[in-house]
Amino acid sequence: MAKRTWVGLAVLGCGSLVGILSGGNLGLVSAAVCLVIGLVLFVASETRGLRPTPTTTSEADLTSHKTNLLVLVKEVHVRPQRSGKFQEITDPNQPDLEFEIFAHCWLINDTGDRLGIPLVQMSLTKPDGTHLVLQRMPGDLDKWRLGRLRDELDSWGIRYLQAAQEAMPELDITEPLEGGATRQGWLHLRAEHLTPTELRTSPITLSIIDSHCKSHLGVAKGPHHVPGRVWPFLGKSDGVPASSEAPSPQGRGRAITGT
């Protein structure tokens, strides 16, 4: 009970006691004065208690922003290596390999808010339920290319499968994502102490914390591409991949004469 409420009740009690002990007109006047003062204090205290407590700025910000950032992991390509060189998988349970992991991700902001992306993390959930945080390797995707087979049609109406290498732009997390906008890109990660089977079948989760401290998840359940179709790229002047296992980007594939 508030302090003013106690004071008001005390004044009412004192007025009643004075009126009873004094008697006569003086007692009645004293009791009336105490009654008025006590009622004023009591009503003022109760009225103040009904007023809503002002909300702090941080609480208002958290309740006013309902963020919904859709996170998608579209595809995952894994390159097995040993000592920095491509390594053919001879045993699906081979434990001594290093893995370069490339994840193609999409972000969709379906709110009207401008969202910053201060924290991005990718993790793998192993068959035993343990989580392994994958090490990010930012800023080097210009050194890698994704291999694709393109179905092309020449001037004679003959279709060809053309081997091509596509650039892999990095997912931009430095600039805020405008309301209603989408963004896509690749993340380069690295892992070890895993087997090819674990990487092929284990879920890979992209976790994002936005500028309103809300968490958003996107999961690629697999199976993933192990080994994938990503190869090193030396540069535009070379025009060829850095490793011999990649297909030539200029070579014309097998003709498909059927329609």
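A quick note: this is a predicted structure, and the numbers were derived from the prediction, not measured.

Student: Pulling in residues and values, what's your account of unusual backbone geometry?
Tutor: Cis geometry is found at the peptide bond from Gly222 to Pro223, where omega equals 5°. With respect to the element layout, Pro223 can be found in the loop between strand 11 (215-220) and strand 12 (230-232). The omega torsion across Val226 and Pro227 is -5°, close enough to zero to call that bond cis. In this fold, Pro227 is placed in the loop between strand 11 and strand 12. Of note in this structure, Cys213 is not a glycine but carries a positive phi near 65°.

Student: Before we move on, could you go through the sheet that holds strand 1 (residues 69-82) and cite the residues and values that matter?
Tutor: Pairing is antiparallel in the open sheet, where five strands are placed in the order 2-1-3-9-6. The open sheet has two edge strands, strand 2 (85-86) and strand 6 (135-136), and neither has a second partner. Bridge count between strand 1 and strand 2: two bridges; the pairing is antiparallel. Looking across to strand 2, one finds that Gln81 is bridged to Phe86.

Student: Requested: an account of the confidence of the model for the protein, with residues and values cited.
Tutor: Counting all residues, the mean pLDDT for the protein is 78, and 63% of those residues have values of 70 or more. Low pLDDT, under 50, characterises residues 54-65; the stretch is placed with five contacts to residues that sit more than four places away or in other chains. Throughout residues 247-253 the model reports pLDDT below 50, and contacts reaching past four residues in sequence, or to other chains, amount to 19 contacts.

Reading the values: rules and limits
- Residues numbered from 1 in each chain as written.
- Predicted model: local features only at pLDDT ≥ 70, side-chain atom pairs only at ≥ 80, totals over all residues.
- Heavy atoms only, no water.
- Helix = DSSP H or I, 4+ residues; strand = E, 2+ residues; numbered from the N terminus.
- Pairing = 2+ DSSP bridges.
- pLDDT = per-residue confidence, 0-100.
- Contact = heavy atoms within 4.5 Å.

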